[in-house]
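Structural description and commentary
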Amino acid sequence: MKCFWALVGRNCKVFFKDKGVFLPSLISPLILLFLFIAFLGNVYRDSIRSVVAGFEISEGLVESIASGWLVSSLISVCAVTIAFTAGTVMVQDRVTGARDDFLVSPVSSGTLSLSYFVSTYIVTATMCFFALGAGFIYMVAVGWHLSFAEFVLTVADTLLLVLFGTALSSLVCGFLKSQGAVTAVEATVSAAYGFLCGAYMPLSQLTEWLKNILMFFPGTYGTGLMHLHLMGGAIDAMAEEGIPPAMIAGMKEGFDCTLQFFSSEVPVWTCYAVLAGAGAIVLGLCIVFNLKRKRKE
Amino acid sequence: MKSIEIRHLKKYYGAIKAVDDISFSVSEGEFFAFLGVNGAGKSTTISVLCGRQEKTDGQIWIGGKEQSDEMKRILGVVFQDSVLDKSLTVRENLACRAALYGIGGEMFTRRLSELTETLSLGDILKRPVGKLSGGQRRRVDLARALVHSPRILILDEPTTGLDPNTRRQVWSVVHALRKSQHITVFLTTHYMEEAADADHVVILDGGKIKADDTPLNLKNRYAFDAITLYHVGEKALQNLSVPYERAGEGWRIRVENTAQATELIVKNPQLFSDYEVTKGGMDEVFLAVTGKRAEAL
């Protein structure tokens with residue numbers, strides 16, 4: 001156990017001490033948040049106002065809903081993209097030969113792989129909570145509508161999404177053998193994941209067939225949970241300003257707080273089950289491929 | 001007692017026979033050299049010996065016991081390229097590697113101070129490995145290999161790419177360690193003069209053992225001695241009826257062995273006023289055994 005935690009500590013240290021990797025990972029969520037606010041903030045504010053057209057709604061509430069959307073989108077994307085960046089430690093060790101150094105000691109390859117998984121999880125969670133903290137500061141500044149339960153659920157959603165991101169990154173990085181390959185994968189994931197999981201664009205605005213395809217992607221359910229817990233309170237608060245319940249339900253559906261799978265509403269517990277189940281399956285695949293690789297050697 | 005015993009070791013990658021039925025042993029405290037061109041099977045043998053790769057067939061005994069993960073505790077490995085974490089300090093690197101062998105706390109502090117003294121690491125303990133010179137980094141690599149006090153030190157082409165001064169430093173440390181701690185040294189090298197200093201040499205070619213003996217016996221069997229003669233005309237040499245060639249300002253006469261050299265000198269004392277007798281080198285042994293020139297290594 002001592003040896004396992006020594007490896008976990010070393011992997012985290014290597015990530016945090018590599019300024020070329022750590023600083024961009026730290027700054028990019030803040031840049032993304034700024035870009036969201038600067039370029040997409042008005043789009044979402046207008047979209048919210050258009051949904052409740054004909055009703056009066058306070059600007060504070062509009063800001064609050066928009067900020068909830070932006071922060072939930074940010075965390076949903078970061079949980080996966082940062083996990084891929086953190087996964088570079090494992091690939092880098094393969095490139096530099098550090099992995100061979102560990103394997104000539106009495107450490108088993110299983111312990112080594114698990115240490116990479118746990119350290120990637122710790123690093124990603126740390127960076128995501130940093131981004132979530134920045135997001136909360138923004139939300140408090142524009143109007144806070146989160147209950148304590150929603151706050152706790154947001155933290156839980158983040159941890160679960162990070163687990164899913166870590167499993168996905170461990171599976172993919174397990175096949176990578178060069179720094180160039182990692183960079184290419186990171187670039188692809190950063191560019192595509194936000195669209196694939198419904199973070200950049202609400203699924204409700206997509207064509208039916210595309211929406212249905214994206215609903216087969218487990219990350220979508222994680223983003224849905226984040227949207228629900230970071231925006232739900234603010235959307236529900238519209239009732240106090242005289243917005244009819246049907247319009248509130250429409251707003252929740254329009255902003256992916258409630259997801260539709262082939263026109264049927266997906267219960268919250270199903271979202272958790274899909275995300276946790278997908279994480280477990282990906283993790284299982286990691287173990288299978290690790291064993292296969294070991295046998296091949 | 002045998003430190004390492006390998007019997008009928010085979011390592012195949014599909015149709016490629018990287019190591020093909022080799023058997024040899026290394027005695028305790030011996031300085032053993034493994035010689036061969038790139039792709040001869042040296043690194044594969046070391047990989048299998050260290051447990052980094054599974055063998056296809058054969059038996060390996062280390063320290064008198066059949067190879068197992070526990071045996072890794074008595075092996076220390078210095079890789080061709082430094083595999084330590086460049087962003088971490090020397091101390092952090094050694095602490096992490098020591099923890100893999102269950103060495104921590106007081107025990108690590110004691111061992112670190114021993115290694116600091118033996119390898120003169122005092123000034124560099126707090127410096128990141130990436131900022132060390134080639135020689136300093138090699139000393140730290142040796143410290144890493146020795147951190148758990150192994151009985152067998154495996155050096156995988158440890159001086160490749162180092163300048164002559166650094167090479168000398170590395171060897172003076174290794175020889176001092178052999179003298180003070182009686183550890184067995186298992187070396188793979190491209191440098192013939194390094195192999196010439198060994199107690200026992202195995203020459204590997206195409207995955208098979210081509211020669212296995214002491215450097216002296218190998219030289220006696222495969223290399224020719226030479227007499228270099230100065231201040232003598234070519235005409236006088238023609239009368240000797242032995243092969244000769246120009247060598248700088250003198251002539252090099254090839255003789256079968258030292259006895260023939262002595263006989264030649266005794267019979268022709270008038271010619272041998274300024275001369276030197278040199279034994280055949282490992283270059284010639286290597287060429288005779290494998291048919292490959294040492295420069296090609």
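This one's a predicted model, so the numbers in the text were calculated from it and none came from an experiment.

About the cut-offs
Residues numbered from 1 in each chain as written. Chains lettered and ligands numbered in written order. Predicted model: local features only at pLDDT ≥ 70, side-chain atom pairs only at ≥ 80, totals over all residues. Heavy atoms only, no water. Helix = DSSP H or I, 4+ residues; strand = E, 2+ residues; numbered from the N terminus. Rg over C-alpha atoms; globule rule 2.2 N^0.38 Å. Contact = heavy atoms within 4.5 Å. Areas by Shrake-Rupley, 256 points an atom, 1.4 Å probe, with all protein chains shown as cover. Lys, Arg positive; Asp, Glu negative; His and termini not counted. Charge placed at Lys NZ, Arg CZ, Asp CG, Glu CD. Phe/Tyr/Trp six-rings, centres within 6.5 Å; stacked < 30°, edge-to-face > 60°. Buried < 20%, exposed > 50% of the residue type's maximum accessible area, 1.4 Å probe, protein only. Buried area = accessible area lost by both parts, 1.4 Å probe. Salt bridge = Lys/Arg side-chain N within 4 Å of Asp/Glu carboxyl O. Polar contact = N/O pair within 3.5 Å; in protein donor to acceptor, adjacent residues only side chain to side chain. Arc of directions from axis to C-beta.

A short note on the overall build of chain A
A count of helical and extended segments in chain A gives twelve helices and two strands. When the helices and strands of chain A are listed from N to C terminus, the series reads α-α-α-α-α-α-α-α-α-α-α-β-β-α. Computed over the C-alpha atoms, the radius of gyration of chain A is 20 Å, within 12% of the 19 Å expected from 2.2 N^0.38 for a compact globule of 297 residues. Projecting the C-alpha coordinates of chain A onto the three principal axes gives extents of approximately 70 × 35 × 35 Å.

Focus: the overall build of chain B
Looking only at helices and strands, one finds ten helices and 14 strands in chain B. Sequence separation of 24 or more characterises 67% of the internal contacts of chain B that already satisfy a separation of 6 or more. Accessible surface computed for chain B: about 13600 Å², of which carbon and sulfur atoms make up 48%. Averaging the locations of the 40 positively and 39 negatively charged side chains of chain B gives two centres separated by 4 Å.

Points about the packing of aromatic side chains
Residues and elements named next belong to chain B. The tally for this structure, following the rule as stated, stands at 25 aromatic pairs over all chains. Judged by centre distance (5.3 Å) and plane angle (45°), the ring pair of Phe24 and Phe34 falls under tilted. Of this pair, Phe24 sits in strand 2 (residues 16–27) while Phe34 is found in strand 3 (residues 31–35), placing the two residues ten residues apart along the sequence. In this structure Phe24 comes out as buried when scored by relative accessible area, which is 2%. The exposure class assigned to Phe34 is buried, which follows from its relative accessible area of 0%. Between Phe24 and Phe186 the ring centres are 6.2 Å apart and the planes differ by 50°, which places this aromatic pair in the tilted class.

Remarks on the interface of chain A and chain B
Facing the 21 residues of chain A at the interface are 26 residues of chain B. For the pair chain A and chain B, the two sides together bury roughly 2100 Å², of which 58% comes from carbon and sulfur. The interface formed by chain A and chain B holds six salt bridges in total. The salt bridge partner of Arg52 of chain B is Asp100 of chain A, with a shortest N-O separation of 3.5 Å. Remark: the boundary between chain A and chain B carries six residue pairs in polar contact (both at pLDDT 80 or more). Among the elements of the structure, helix 1 (2–17), helix 4 (88–96) and helix 5 (98–103) of chain A are those that each provide at least two residues to the side of chain A that touches chain B. Looking at which element gives the most residues to the side of chain A that touches chain B, the answer is helix 1 of chain A, with eight residues.

A word on the environment of Val123 of chain A
All names here are of chain A. As for its placement among the helices and strands, Val123 is situated in helix 6 (residues 109–142). Residues Val123 and Phe289, 166 residues apart in the sequence, show an inter-C-alpha distance of 23 Å. Those residues within four positions of Val123 in sequence are excluded, and the remaining contacts are Cys12, Phe15, Phe16 and Ala86.

As for helix 9 (residues 258–267) of chain B
Residues and elements named next belong to chain B. When helix 9 is considered as a whole, its buried residues turn out to be Ala261, Leu264 and Ile265. When helix 9 is viewed along its axis, its buried side chains cluster within an angular range of 95° and face the same direction. Looking at helix 9, the residues exposed on the side facing more than 90 degrees away from the buried face are Ala259, Val266 and Lys267. Those residues of helix 9 hidden inside the fold are in contact with strand 11 (225–229), strand 13 (250–255) and strand 14 (275–278). The opening residue of helix 9 is Asn257, an N-cap whose side-chain oxygen sits 3.2 Å from the backbone nitrogen of Ala259.

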